[in-house]
Amino acid sequence: MFTILGIPSQALFGQLLLGLINGSFYALLSLGLAIIFGLLNVINFAHGAQYMMGAFLTWMLLSYFGIGYWWALLLVPILVGIFGLLLERLLISRLHHLDHLYGLLLTFGLALIIQGAFRIQYGVSGLPYGIPVTLAGGQNLGFMFLPNYRLWVILLSLSVCLATWLLIEKTKLGAYLRAATENPTLVQAFGINVPRLITLTYGGGVALAALAGVMAAPIYSVNPNMGADMIITVFAVVVIGGMGSIAGSIVTGFALGLIEGLTKLLYPEASSTVIFIIMAIVLLLKPAGLFGRRV
Amino acid sequence: MKLSALLLVGLFAGAYTVAAQAEMDVKIGVLNDRSGVYADLSGEGSVIAARMAVEDFKAADKGIKVDIVSADHQNKPDVGSSIARQWYDQDGVDAIFDVPTSSVALAVSQVTREKNKIFIDSGAGAADLTGKQCSPNTVHWTYDTWALANGTGGAMVKQGGDTWFFITADYAFGHALERDTTALVEKSGGKVLGSVKHPFPGSDFSSYLLQAQASGAKVIGLANAGGDTINTIKQASEFGITQGGQKLAGLLIFITDIHALGLQVAQGLVLTEAFYWDLNDSTRAWSKRFAEKNGGKMPSMVHAGVYASVLHYLKAIEATKSKEAPVVMAKMKEIPTDDPLFGKGQVRVDGRVIHDMYLFEVKKPSESKGDWDYYKLLATIPAEEAFRPLNEGGCPLVK
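Quick caveat: nothing in here was measured; it's all calculated off a predicted structure. (Residues numbered from 1 in each chain as written. Chains lettered and ligands numbered in written order. Predicted model: local features only at pLDDT ≥ 70, side-chain atom pairs only at ≥ 80, totals over all residues.)

**Re the overall build of chain A**
Here comes step 1: Assigned secondary structure in chain A consists of 11 helices and four strands.
Here comes step 2: Its C-alpha atoms give chain A a radius of gyration of 19 Å, near enough to 19 Å, the size a compact globule of 295 residues would have.
Here comes step 3: Its C-alpha atoms give chain A principal-axis dimensions of about 65 × 50 × 35 Å.
Here comes step 4: Out of the 295 residues belonging to chain A, those deemed buried represent 51%. (Helix = DSSP H or I, 4+ residues; strand = E, 2+ residues; numbered from the N terminus. Rg over C-alpha atoms; globule rule 2.2 N^0.38 Å. Buried ≥ 20, exposed ≤ 12 C-beta atoms within 10 Å, placed from the backbone.)

**A short note on the interface of chain A and chain B**
Here comes step 1: Every contact between the two is made by 33 residues of chain A and, on the other side, 34 residues of chain B.
Here comes step 2: When residues of the side of chain A that touches chain B are traced back to their parent elements, those giving at least two are helix 1 (9-40), strand 4 (145-147), helix 9 (226-241) and helix 10 (246-266) of chain A.
Here comes step 3: Looking at the side of chain A that touches chain B element by element, the count peaks at five residues for helix 1 of chain A. (Contact = placed C-beta atoms within 7 Å.)

**Concerning the sheet that holds strand 10 (residues 270-273) of chain B**
Residue and element names in this part refer to chain B.
Here comes step 1: Strand order in this open sheet of three strands is 10-14-15, and the pairing throughout is antiparallel. Of all the strands in the sheet, just strand 10 and strand 15 (375-381) have a single pairing partner and so form its edges. Adjacent strand axes in the sheet meet at a mean angle of 30° when their direction is disregarded.
Here comes step 2: Docked against the sheet, helix 5 (residues 145-158) engages strand 10, strand 14 (357-362) and strand 15, running at close to 155° with respect to strand 10. (Pairing = 2+ DSSP bridges. Axes fitted to C-alpha atoms, helices over the stretch in contact; angles between N-to-C directions.)

**Quick look at the packing of helix 2 (residues 47-65) of chain A against helix 4 (residues 100-122) of chain A**
Residue and element names in this part refer to chain A.
Here comes step 1: Where helix 2 meets helix 4, the axes come as close as 9 Å, and the angle between the chain directions of the two elements is 30°. The angle between helix 2 and helix 4 falls in the class roughly parallel. Here helix 2 runs over helix 4; the crossing is left-handed. For the pair helix 2 and helix 4, the contacting residues are Gly48, Ala49, Met52, Met53 and Phe56 in the first and Leu110, Ala111, Ile114, Gln115 and Phe118 in the second.
Here comes step 2: When grouped by side-chain class, the residues that make up the contact of helix 2 with helix 4 number eight nonpolar, two polar and no charged. (Parallel < 35°, antiparallel > 145°, perpendicular 65-115°, else oblique. Left-handed = near helix turned anticlockwise from the far one by under 90°. Nonpolar A, V, L, I, M, F, W, Y, C, P; charged D, E, K, R; others polar.)

**What to know about the confidence of the model for chain B**
Residue and element names in this part refer to chain B.
Here comes step 1: Within chain B, residue pLDDT values average 92, and 94% of them lie at 70 or more.
Here comes step 2: Note on residues 14-20: pLDDT under 50 across the span, and zero contacts to partners over four residues away in sequence or across chains.
Here comes step 3: Reported confidence for the predicted complex is 0.87 by ipTM and 0.88 by pTM. (pLDDT = per-residue confidence, 0-100.)

**Overview of the domain arrangement of chain B**
All names here are of chain B.
Here comes step 1: Under the domain assignment, chain B is made up of domain 1 (23-143 + 279-355) and domain 2 (155-278 + 357-385).
Here comes step 2: A C-alpha centroid distance of 27 Å is found between domain 1 and domain 2.
Here comes step 3: Taken together, the contact pairs 30 residues of domain 1 with 22 residues of domain 2.
Here comes step 4: Broken down by secondary-structure element, the contributors of at least two residues to the side of domain 1 that touches domain 2 are helix 4 (102-115), helix 11 (281-293) and helix 12 (301-320).
Here comes step 5: For the side of domain 1 that touches domain 2, the residue count by class is 16 nonpolar, 11 polar and three charged. (Domains from an automatic or database assignment.)

**Quick word on the sheet that holds strand 11 (residues 337-339) of chain B**
Residues and elements named next belong to chain B.
Here comes step 1: Sheet architecture is open: three strands sit in the order 11-12-13, paired in antiparallel fashion. Either end of the sheet is taken by a strand with one partner, and the two such strands are strand 11 and strand 13 (353-354).
Here comes step 2: Taken together, the two bridges between strand 12 (residues 343-347) and strand 13 define a ladder with antiparallel strand orientation. In the strand pairing of strand 13, glutamine 346 is matched with isoleucine 354.

**Some details on the pairing of strand 14 of chain B**
All names here are of chain B.
Here comes step 1: The element strand 14 is largely enclosed, with a buried count of five among its six residues.
Here comes step 2: With four bridges connecting them, strand 10 and strand 14 associate as antiparallel partners. Bridge pairing in strand 14 links glutamate 273 to tyrosine 358.
Here comes step 3: Here strand 14 runs beside strand 15; their pairing, made up of six bridges, is antiparallel. Residue glutamate 361 lies in a different strand from strand 15, and its bridge partner there is lysine 376.

**Description of the pairing of strand 9 (residues 247-250) of chain B**
Residue and element names in this part refer to chain B.
Here comes step 1: As paired elements, strand 8 (residues 219-223) and strand 9 share four bridges and run parallel to each other. Note on strand 9: the bridge partner recorded for isoleucine 220 is leucine 248.
Here comes step 2: What joins strand 8 to strand 9 is helix 8 (residues 226-238), and the crossover it makes is right-handed. (Right-handed = clockwise from strand over helix to strand, strands pointing away.)

**With respect to unusual backbone geometry**
Here comes step 1: Going from B:Phe200 to B:Pro201, the amide bond is cis rather than trans, its omega being -10°.
Here comes step 2: One can find B:Pro201 in the loop between strand 7 (191-198) and helix 7 (206-215).
Here comes step 3: Phi at A:Asn41 is positive, roughly 60°, even though this residue is not glycine.
Here comes step 4: Considering the arrangement of structural elements, one finds A:Asn41 in the loop between helix 1 and helix 2.
Here comes step 5: Of note, the phi angle at B:Lys321 is positive, near 50°, even though the residue is not glycine.

Written out as structure tokens, the structure reads:
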């Protein structure tokens, strides 16, 4: 065993791994946000509420219908995604020709309404949701005890992020998406249904948030405020990565998880502010974000 | 003529005073967290409890008209003190009740003293409210950090838990709870190996739990509350902390937290509370009525404290026929407290209310007969021993 900065290596590795786990959530959530912003130019403030809905729906499937975690992993993103499609069709699409600010206000209002509704129905203390039996227990890594479930969270998040990135960068559908981001009018002229593409993208982004919600249910308390606590941090991640940059949001998500993890070890009092300090510095030096293009 | 006119005026004035006595308007404000981490243990439930106290006191029959207003302080001291100021200055509020979150409670206590009104706290924990920062206008009803340290901390030390590590919420309450528990542990010959302060509110506590685990302390003291405690306990079970032989001491746990955790995760926890719905016939009867009005949810000790404190306040109003803070406060400290939830007790000169406290253990899922059947009574801590001795708090009101 050796020490780095006066910290035993064991503790350091443990904290870095935990940081990576939190980074998985940041990456998944900021990925959805970045995709939505890239194509719709909407700052989706309801993202946290949709993440919370994912966790709640997971709990509801189990308590009301006896449907467990694994099915929830599939069903919840689809159901919440459909909710996203409806939201886009009925409300958000009406704001496309207006400034960003209107989309932000609309989704912020929606987030408050959704959270309020859940609060009235379920209270704020949260609801119990256990870890799926197959993933209970953990591995002794020598430097820390790693619960199997957390390992699963990292693996799943990494694969989903990678798959999404491949979808957008390497497939025909992704090419349409990127083209529509650049110049929707031209893409439409080629006979591609851009409004439908936009709706599906929003649904997809929302589904990613819901997936993060399912993954969060067994480890965080399932409560109406869970998204509100998370969303501000995730916004900072997106800003640091560069608004609308897919790869940027993924890399920044994991990286900031690591930095936050280190702060929790070195000076825990600052762990909720460190991301915002980094955001301020990045905005000063590189206003478009680390991976963003000049707008 | 002149004389009769004077008499007439006198008569009217007299009649007016009688009428005013017959219809005395009292306005009380329930100020708490209505949307954040403490909304379930205080929130609307405290308003329900206050209303029940007014009903049970039969205030209307006694010529006292009580208005209840409520507001959300969002756990922010600046929000809380500006609401308190507005209530006192513009809305004619005579007394403020509940106020969980110690940082907010300390701010409201100061505003109340400045405006010379009455503040009876139920939800907050910091023992400083009746210690160094005590005020002639403040009463602290339900529990405090000293009593929690004494109850839960004392029990853990007795079971051999002589080395501690704290996971502490980084604000007034967490600091006070860590300070009071540390004092108790060291007094009993134990040692505190370290502590970590986390931002309030937080969601991921695994990092702090690992630090606690690495410290090798026998007991991990959770000096936080509400949603923070829930997440810490949930994640401690995930990281196999208790299987490794370390014990968790939830220094402040409410029944609403146990409900949220589920018995599977919470079983075996030892905790200190001032009230439990299933203590005796009168607590059961009251709690049943409360639950009917509160969507089936049982009361927390904070709700019970709001009920009992409103009741005591109205008794003092009735006895003095006055709303003047010094008069009412003197009466509240003079007459003993007596209500169906806390039994007999007393408001001390420093504002601390003295009553029995209880040490509970959370039942195993197999022992529980159903929803809300969560606690086994381990010990009753008698009123005289449950709270910090009067002369040790450093309150300037104590001579």
